Amino acid sequence: MRQSAVSQIGGRMATPSRGSPAIQRLQLRTELRRHRTAAGLTQRQVAQRMEWSPSKLLRIEAGEVGISVNDLRPLVDLYGITEGTAVERLLNLARGSRKMPFTEYRDIYDKEFLGFLAMESSAFVTRSFQPLLMPGLLQTEEYAMTIIRAYTSDQFSEQQHQRMLEARMLRQEALDSDHAEAYFILDESVIRRQVGGPGVMRAQLRRLAELAAHPRRNIMIFPFSRGVHAASQGPFTLFEFEEDMPPYVYLENLRGTATVSTSTEDFVSYLELFWKLEERAIKGDQVPQILLQIAEHLETEPHDLQAEPEENG
């Protein structure tokens, strides 16, 4: 019988996340908020006493920007933090959080999506359900470029499209980590839809079959025959981190991604939904076999459904 969501989450979160910049920035912002509240100070009061613009503190506490050691030292004094270990921890977090991943792509991605990328690169357990398209972590270059061109507006140049592709391929390094675990549930439509045509899709399915054979890359298929399910409304991704970091729930929409919640209660709801899908999905050795079989039988030209011709008058 499966463990309760809370107990299993607790067990998973004991694994360290290797102190990535994204995690350290989140830890720092959480601790700075806590110390400010404990000192009985509002954000406005802190900004005035530090002679900062109000937006600077807001962005630091939101985790949008880092904070230099030179700025942090007087802030620590203002909050009355005198214990040596606590001060050194904050300083180390500030040093480690300065270089966030993917910041060189700020000109093509908004801060919400950059936050998603930071979480994705730092998580040690990732769970993703996708009802329509291949997850970015699993896409081949040709498949990815087809999606990028279809989803981005005409305002982006070919050079920017290439940089988006570069970022997407860079994201996949998260799967190379020895500590990371990844679980993907793909609706059958994901492996049937011929994104980029038969040739592109054939290569994508073969690549997916290779990934599915990896012991730490759990790829599952939710077949059409299982009917409707509670996740039919859209994709979602769950991230887990080290024990003092809350789990993250992300929903995807046409604008990119949006953080739904960091509360354990909401996370558990989505985790239990994922588990229900997992119980009904095809998994294990069957998955690579199915993917290779579909790839082998792809038509040279896709055969779309044709509507019946309308009768005149």
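These figures come from a predicted structure and were not determined experimentally.

Calculation criteria
- Residues numbered from 1 in each chain as written.
- Predicted model: local features only at pLDDT ≥ 70, side-chain atom pairs only at ≥ 80, totals over all residues.
- Heavy atoms only, no water.
- Helix = DSSP H or I, 4+ residues; strand = E, 2+ residues; numbered from the N terminus.
- Buried < 20%, exposed > 50% of the residue type's maximum accessible area, 1.4 Å probe, protein only.
- Pairing = 2+ DSSP bridges.
- Expected span 1.5 Å × (residues − 1).
- Phe/Tyr/Trp six-rings, centres within 6.5 Å; stacked < 30°, edge-to-face > 60°.
- Lys NZ or Arg CZ within 6 Å of the ring centre and 35° of its normal.
- Salt bridge = Lys/Arg side-chain N within 4 Å of Asp/Glu carboxyl O.
- Axes fitted to C-alpha atoms, helices over the stretch in contact; angles between N-to-C directions.
- Parallel < 35°, antiparallel > 145°, perpendicular 65-115°, else oblique.
- Contact = heavy atoms within 4.5 Å.
- Nonpolar A, V, L, I, M, F, W, Y, C, P; charged D, E, K, R; others polar.

Enquirer: Would you mind showing me how to read unusual backbone geometry here?
Expert: Most peptide bonds adopt trans geometry, and most residues besides glycine take a negative phi value. You will see that E51, though not glycine, has its phi angle at about 60°, which is positive. Structurally, E51 can be placed in the loop between helix 3 (43-50) and helix 4 (54-61).

Enquirer: Please clarify how the pairing of strand 2 (residues 181-187) should be interpreted in this entry.
Expert: As a general feature of sheets, a regular strand has side chains that alternate between the two faces. Along strand 2, 6 of the 7 residues are buried, which leaves the element largely enclosed by surrounding structure. In the sheet, strand 1 (residues 125-130) pairs with strand 2 via 6 bridges, with the strands oriented parallel. Bridged to S128 within strand 2 is F184. Here 6 bridges tie strand 2 to strand 3 (residues 217-222), and the two strands are oriented parallel to one another.

Enquirer: How do you make sense of helix 2 (residues 21-38) when you look at a structure like this?
Expert: Each α-helix winds once per 3.6 residues, and so residues spaced three or four apart point in a common direction. Its 18 residues place the ends of helix 2 25 Å apart at the C-alpha level, agreeing with the 26 Å of an ideal helix rising 1.5 Å per residue. Along helix 2, the residues that are buried comprise A22, I23, Q24, R25, L26, Q27, L28, R29, E31, L32, H35 and R36. Looking one or two residues past helix 2, G40 carries a phi angle of roughly 70°, positive in sign.

Enquirer: Before we go on, may I ask you to explain the packing of aromatic side chains in this structure?
Expert: Remark: the centre distance and the inter-plane angle together describe each pair of aromatic rings, the angle taken between the planes. For the structure on display, the rule yields 12 aromatic pairs. Taking 5.2 Å as the distance between ring centres and 80° as the angle between the ring planes, the aromatic pair formed by F116 and Y250 counts as edge-to-face. Highlighted residues: F116 in helix 7 (residues 111-122) and Y250 in strand 5 (residues 248-253), separated in sequence by 134 residues. Residue classification places F116 among the buried residues on the basis of a relative accessible area of 4%. Since its relative accessible area comes to 4%, Y250 is described here as buried. We note R127 situated over the ring of Y183; from NZ or CZ to the ring centre the distance is 5.1 Å.

Enquirer: So what exactly am I meant to see when it comes to the pattern of salt bridges here?
Expert: Side chains that carry opposite charge are capable of pairing whenever their charged atoms lie near each other. Using the criterion set out here, one finds 11 salt bridges in the structure. Measuring nitrogen to oxygen at the nearest pair gives 3.0 Å for the salt bridge that ties R192 to E188. With a gap of 4 residues between them, R192 and E188 both fall in helix 10 (residues 188-192), about one helical turn apart. Given a relative accessible area of 46%, R192 falls into the partly exposed group. Salt bridges here are not isolated pairs; linked through shared partners, they connect E31, R34 and R89.

Enquirer: So what exactly am I meant to see when it comes to the packing of helix 2 against helix 4 here?
Expert: When two helices pack together, their arrangement is given by the angle between the helix axes and the distance between those axes. With their axes 8 Å apart at the nearest point, helix 2 and helix 4 run at an angle of 120° to one another. Classed by the angle they form, the pair helix 2 and helix 4 counts as oblique. Between helix 2 and helix 4, the contacting residues are R29, L32, R33 and R36 on the first element and L57, I60 and E61 on the second. Partitioning the contact of helix 2 with helix 4 into residue classes produces 3 nonpolar, no polar and 4 charged.

These figures capture arrangement, not role.
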